[in-house]
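A closer look at the structure
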Amino acid sequence: MPATEITVTSAGVVAGKEMLIPTGKEGPVLAHLQDWLSAKIKAKTAVKDVSASVLVKGIKQWAAYEEKAGSKKVLTVFKIT
């Protein structure tokens, strides 16, 4: 399934999950999400699937991954099409 990286903004917590709102900026389109994951594994970057702990407004299918970049955590969200 094709996946598009999207930029999101946090809108707080709803029902124990973080609500994310897409800002309209879309990143690269990947033929499959596994392509991105494979590149991270090859680069020996640890990523954690946090899709179950977030909600993305207006998108039916998404995948969210968290990785450490220095001292802060980076959240990467994909829209699955």
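The structure we're discussing is the one just above.
An account of the accompanying structure is given in this report. (Residues numbered from 1 in each chain as written. Predicted model: local features only at pLDDT ≥ 70, side-chain atom pairs only at ≥ 80, totals over all residues. Heavy atoms only, no water.)

**Thoughts on the pairing of strand β6 (residues 72–80)**
In plain terms, the rule: Strand pairing is assigned whenever DSSP detects at least two bridges linking the two strands. A run of DSSP states H or I qualifies as a helix once it reaches four residues; a run of E qualifies as a strand once it reaches two. Both are numbered from the N-terminal end.
One ladder, built from 4 bridges, connects strand β1 (residues 3–14) with β6; its direction is antiparallel. Paired with Ile6 across the strands is Val77, a residue of β6. For strand β5 (residues 62–69) and β6, the ladder comprises 8 bridges, and the chain directions are antiparallel. Counterpart to Trp62 in the pairing with β6 is Lys79. Hairpin connection, β5 to β6: the antiparallel pair is bridged by 2 residues, and Gly70 has positive phi, about 70°.

**Topic: helix α1 (residues 33–42)**
The condition is simple: Exposure classes here rest on a 1.4 Å probe applied to the protein chains alone. A residue is buried below 20% of its type maximum, exposed above 50%, and partly exposed in between. Think of the arc as the fan of directions from the helix axis to the C-beta atoms. Contact definition: two residues touch when any of their heavy atoms are within 4.5 Å.
Those residues of α1 that fall on the buried side of the exposure criterion are Leu33, Trp36 and Leu37. The arc that holds every buried residue of α1, seen down its axis, measures 95°, which confines them to one face. Buried residues along α1 sit in contact with β1, β2 (17–30), β3 (47–49), β5 and β6. Downstream of α1 by one or two residues, Lys44 has phi in the positive range, about 60°.

**A look at the sheet that holds β5**
The following threshold applies: The angle between two axes is taken between their N-to-C directions and runs from 0 to 180 degrees, where each axis is a line fitted to C-alpha atoms and a helix contributes only its stretch in contact.
What the 6 strands build is an open sheet, ordered β3-β5-β6-β1-β2-β4; its pairing is mixed. Since the sheet does not close on itself, it has two edges, and those belong to β3 and β4 (54–56), each with one partner. This sheet shows a mean twist of 40° between the axes of neighbouring strands, independent of strand direction. Here 3 bridges tie β3 to β5, and the two strands are oriented antiparallel to one another.

**A few points about the packing of aromatic side chains**
How two aromatic rings sit relative to each other is given by the distance of their centres and the angle of their planes. Here is the rule: Each Phe, Tyr or Trp ring (for Trp, its six-membered ring) is paired with any other whose centre lies within 6.5 Å, and the angle between the two planes then decides the class: stacked below 30 degrees, edge-to-face above 60, tilted in between.
One pass over the structure, following the stated rule, counts 2 aromatic pairs. Relative to Tyr65, the ring of Trp36 has its centre 5.5 Å away and its plane inclined at 45°; by these criteria the two rings are tilted. Separated by 29 residues along the polypeptide, Trp36 in helix α1 and Tyr65 in strand β5 bring together distant segments of the chain. For Tyr65, a relative accessible area of 10% translates into the label buried. Ring centres of Trp36 and Phe78 lie 5.0 Å apart, and the angle between their planes is 65°; on these two criteria the pair is classed as edge-to-face. Placement of Trp36 in helix α1 and of Phe78 in strand β6 is noted, with a sequence separation of 42 residues between them.

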